[in-house]
Amino acid sequence: MSDAAPVRPAWGMGALAAGLVLVGYVLTLAPTVTFWDAGEFIAASKVLGIPHPPATPLFVMIAHVWATLLPIGEWALRTNLLSATCSALAAGAWAMVAHGVMARLLPGGARTGPAALLPPATGIAAALVSGFSFTNWQNSNETEVYTIATLTIALSCLLALAWRQARGSGREGRYLLLVLYLAGLSIGNHLLALLAGPALVVFLASVVHGAPPADRDALWREGAQVAVVAGLWALLIGTGLGSTPLMTLGGLCFVAAFAFAVKVGEGAFAAMALLLGAIGVTTYAFAFVRAGQGPPINEAAPATWDALLAVIRRAQYPVRTPFDDPTQLHGPENPGRTLQLIGLQLVNYVQYLDWQWARRLAGVPRLLVTLTFVWLGLRGAFAQRRADRDGFRLLLVLWLVTGLGLVAYMNFKPGASIGYDAFPRGADHEVRERDYFFVVSFVVWSVWAAIGAGVTFGGRLLRADDARATATPGGAGLALAGLALVAAVPPLLNAKDAGRRHGPDATLAADFAWNALNSVPPYGILFTYGDNDTFPLWWAQEVAGIRRDVTVVCLALANTDWYIRQMRAWRPAPFDAASAPAIWRDAPARRPDWPLHSLDDSAVATLTSQALQLPESTTVDFGPFRHGYPAGTYFPPADLVAIKIIQENVGRRPIAWSVTTGADVLGLRAHVVQRGIGYMLEPGVAERNRVDIAQGMPVDAPFTERLVKETYRYARLREPGRPRLETTAAGMAAALAMPWTQLALAADARGARAEAIAFLEQAVALSDDAGLRRALEALRAEK
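Residues numbered from 1 in each chain as written. Predicted model: local features only at pLDDT ≥ 70, side-chain atom pairs only at ≥ 80, totals over all residues. Heavy atoms only, no water.

Chemist: How would you sum up the pairing of strand 8 (residues 672-675)? Please name residues and give values.
Modeler: Where burial is concerned, the two faces of strand 8 agree: the one with V672 and Q674 and the one with V673 and R675 are both buried. As judged from the four bridges shared by strand 8 and strand 9 (residues 678-681), these two strands associate in the antiparallel manner. Residue pairing in the sheet places Q674 in a bridge with Y679 of strand 9. If you look at the hairpin formed by strand 8 and strand 9, you'll find two residues sitting between the two strands, and G676 has a positive phi there, around 65°. (Buried < 20%, exposed > 50% of the residue type's maximum accessible area, 1.4 Å probe, protein only. Helix = DSSP H or I, 4+ residues; strand = E, 2+ residues; numbered from the N terminus. Pairing = 2+ DSSP bridges.)

Below, the structure written as structure tokens:
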């Protein structure tokens, strides 16, 4: 068939495919909060807050309305279901794309016989293979922005194909305007969706060039529409990045396209395109207005024009260009990106690609599956090129931009699991695997693989003449069976690793948040380190209502002026003894009526302008005690803020650090006692008789034992046969194992060997750490 041959949209098949994928997602999605950004997004959607830059205002509004109108389960379950629904709808859209390709490949007469089942079967296979590819599946069962972005891309591609079919009808421009509106909206969610721009422009230009209208004026008008799409897309990219040079360049491109459009009679189209794109961008008005109201989550506080621009420009994060060595800070001394780094980045991409269709397997078996899907993808790509060269260019450019193009642009450090021979420091690696950035490229390849499977198993039908094609039910049955086999591989071999409903991932983040907050007495101040020991706590307090009397201070954010200013207005909620664990119900509790600190804006500006390095030895007065710091001690702004908070609250409010912050706690170890997964500041505690000493850290053994046995929750970590944990979950499980280890050390120091073994067995049950297992074996051998 020619590129211009129409193929009727298969809406029913797309809906069926989306429904099948959604069922799979629902059966495996997380029942509550997960680690990384999910806790922040869930909490922000609940309180209409401002999450981290670029603030994702569209996502916050959509998630809030969705979760409000869908009274099913707890709020986190509802927002997780939003991700699942968006991904399922995207899978349905890709199913329609694959259906269209296969329909073009079929001989004309085959559309009425058994072979007519091949296009819809290929479409459903495309939905299953792409929807249940590992990275896409993981994104789809937690609260994240990527699924709305992938849905936007899928819809944009579908609309572009609809535009081609509507050419000459007078309605084709509407499809392009809708695409541009989606592009403008995507700025308020995630810029991933804007990566579809080059593919869409190439597709539009290819269609117009390959099948130009016979009328010369119509050709100029179509060319003007394509130019407007390209120019506005360039402007939107510059706007989304908040880059003045890119906005200027994009603006010039659009002005030129606008002038061309006016000249050929498409001025109204150009004006409407600009209006719709601008309306899409206005989602940031929500962030601007809401930030001024002081919501509980108000990152970067974009309540002024300058602050809003800083959020859009992501000024909070260190600069990294595609030309830098990503393991070092940007600047004139950066040595630049090397071939070794580029090689590791490409290896990372291949590693992530290898995960997509058979994550459960390892070694040679998984490699064989991956090579099979790579081969099927190549077959599918060439088949699409044969049937629909314009559509092939659309998916090819999309795959290149969202795959290798992102490898080049993002310039990530070596991944969390590779490259330690060349880069042994943990700081020289990404803090987690970044496969989710490349998810669209994996989806595109999966669509090609499904098409390739249809071509492979339906080859006889595609080669047959019309008469034979309508009379070969056996051939059609073989093709459908082959497609079903290919489509079943990702759901079966990824379910255990991508699913979050069963095993520790189901509630580990939620249980960690419960444990961390309940390690602190009523009205305590709890210092945390970063995303994974902070965002789940935000969810726990703002959504689940757990221990809202505890003031959580994230040290990573405490380096910013806006966060330090916000602290002054924080007031803890009343302590709810009825919902608190038994260990705290009778604890003395006085609700603070004073600010967390008294730093005024001038002092905050001075404090955050630069870090402090002591020129000489200094003794700091903390009130009940004094502590000396030697010359050369380095204090980032967060440490200076922490010192101020301690000075103004010690003896008045309980003060603690999460064990995830490390054991240094401003060098105050002599005044700190460990209780569970918290380090409590209690001056002079090391001399108290009830404290056992383990590894130099005072441990309140009786209290810790009550916490770990009576209060803490362990997210099925102790279930036999649980899967091996991914890096983040393993780190949090190790944190939960730490108090058990300290209890074992304390018991062993007292000579209670049997008790020490019992404690260490609990630690080993929680954590995969090999050192703990060796220590347990050594204790057992000594016994």
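Chemist: I'd like a rundown of the packing of aromatic side chains, residues and numbers included.
Modeler: Following the criterion strictly, the structure yields 29 aromatic pairs and no others. Measuring from ring centre to ring centre gives 5.7 Å for W562 and Y563, while their planes differ by 80°; the resulting arrangement is edge-to-face. What makes Y563 buried here is its relative accessible area of 3%. Among the aromatic residues, those joined into a ring-pair cluster are F134, Y146, Y349, Y352, W355, F412, Y436, F437, F438 and F442. Cation over ring: R359 sits above F134, and NZ or CZ is 5.1 Å from the ring centre. (Phe/Tyr/Trp six-rings, centres within 6.5 Å; stacked < 30°, edge-to-face > 60°. Lys NZ or Arg CZ within 6 Å of the ring centre and 35° of its normal.)

Chemist: Tell me about the nonpolar core, residues and numbers included.
Modeler: Residues W94, W657 and L668 are the most contacted members of the largest nonpolar core, which totals 242 residues. Examining the composition of this core, we find that 18 residues originate from one element, helix 4 (residues 75-105), more than from any other. Here L668 is in contact with F622, F625, H627, Y629, I646, W657 and L681, once residues within four sequence places are set aside. (Core = buried A, V, L, I, M, F, W, Y, C linked by side-chain atoms within 4.5 Å. Contact = heavy atoms within 4.5 Å.)

Chemist: Please set out the pattern of salt bridges residue by residue, giving values where relevant.
Modeler: Enumeration according to the criterion identifies 25 salt bridges in this entry. Measuring nitrogen to oxygen at the nearest pair gives 3.2 Å for the salt bridge that ties E710 to R706. On the criterion of helical spacing, the pair formed by E710 and R706 is a turn pair, its members being four residues apart in helix 28 (residues 701-711). Residue R706 is classed as partly exposed on the basis of its relative accessible area of 34%. One continuous salt-bridge network, built from bridges that share partners, spans R104, R164, D388, D390 and R393. (Salt bridge = Lys/Arg side-chain N within 4 Å of Asp/Glu carboxyl O.)

Chemist: Pulling in residues and values, what's your account of the state of the cysteines?
Modeler: Summed over all chains, the structure comprises zero disulfides. Counting only cysteine sulfurs, C157 is the nearest neighbor of C86, a cysteine outside any disulfide, at a range of 16 Å. Judged by its relative accessible area of 1%, C157 falls in the buried class. (Disulfide = S-S within 2.5 Å.)

Chemist: Quick one: what's the story with helix 4, residue by residue and with numbers?
Modeler: For helix 4, spanning 31 residues, the distance from its first C-alpha to its last is 46 Å, which sits close to the expected 45 Å at 1.5 Å a residue. Most of helix 4 is tucked away: 29 of the 31 residues are buried. (Expected span 1.5 Å × (residues − 1).)

Chemist: Lay out the pairing of strand 4 (residues 618-621) in plain terms, naming residues and giving numbers.
Modeler: For strand 4 and strand 5 (residues 626-629), the ladder comprises four bridges, and the chain directions are antiparallel. Across the sheet, the residue bridging to D621 is R626, located in strand 5.

Chemist: Describe the side chain of N141, naming the residues involved and giving the relevant values.
Modeler: Tracing the backbone shows N141 in the loop between helix 6 (134-140) and helix 7 (146-166). N141 gets classed as buried once you look at its relative accessible area, which sits at 0%. Among the polar contacts made by the side chain of N141, one reaches the side chain of R500 at a distance of 2.5 Å. Apart from the residues lying within four places of it in its own chain, the contact partners of N141 are T28, L29, A30, N80, A498, G499 and R500. (Polar contact = N/O pair within 3.5 Å; in protein donor to acceptor, adjacent residues only side chain to side chain.)

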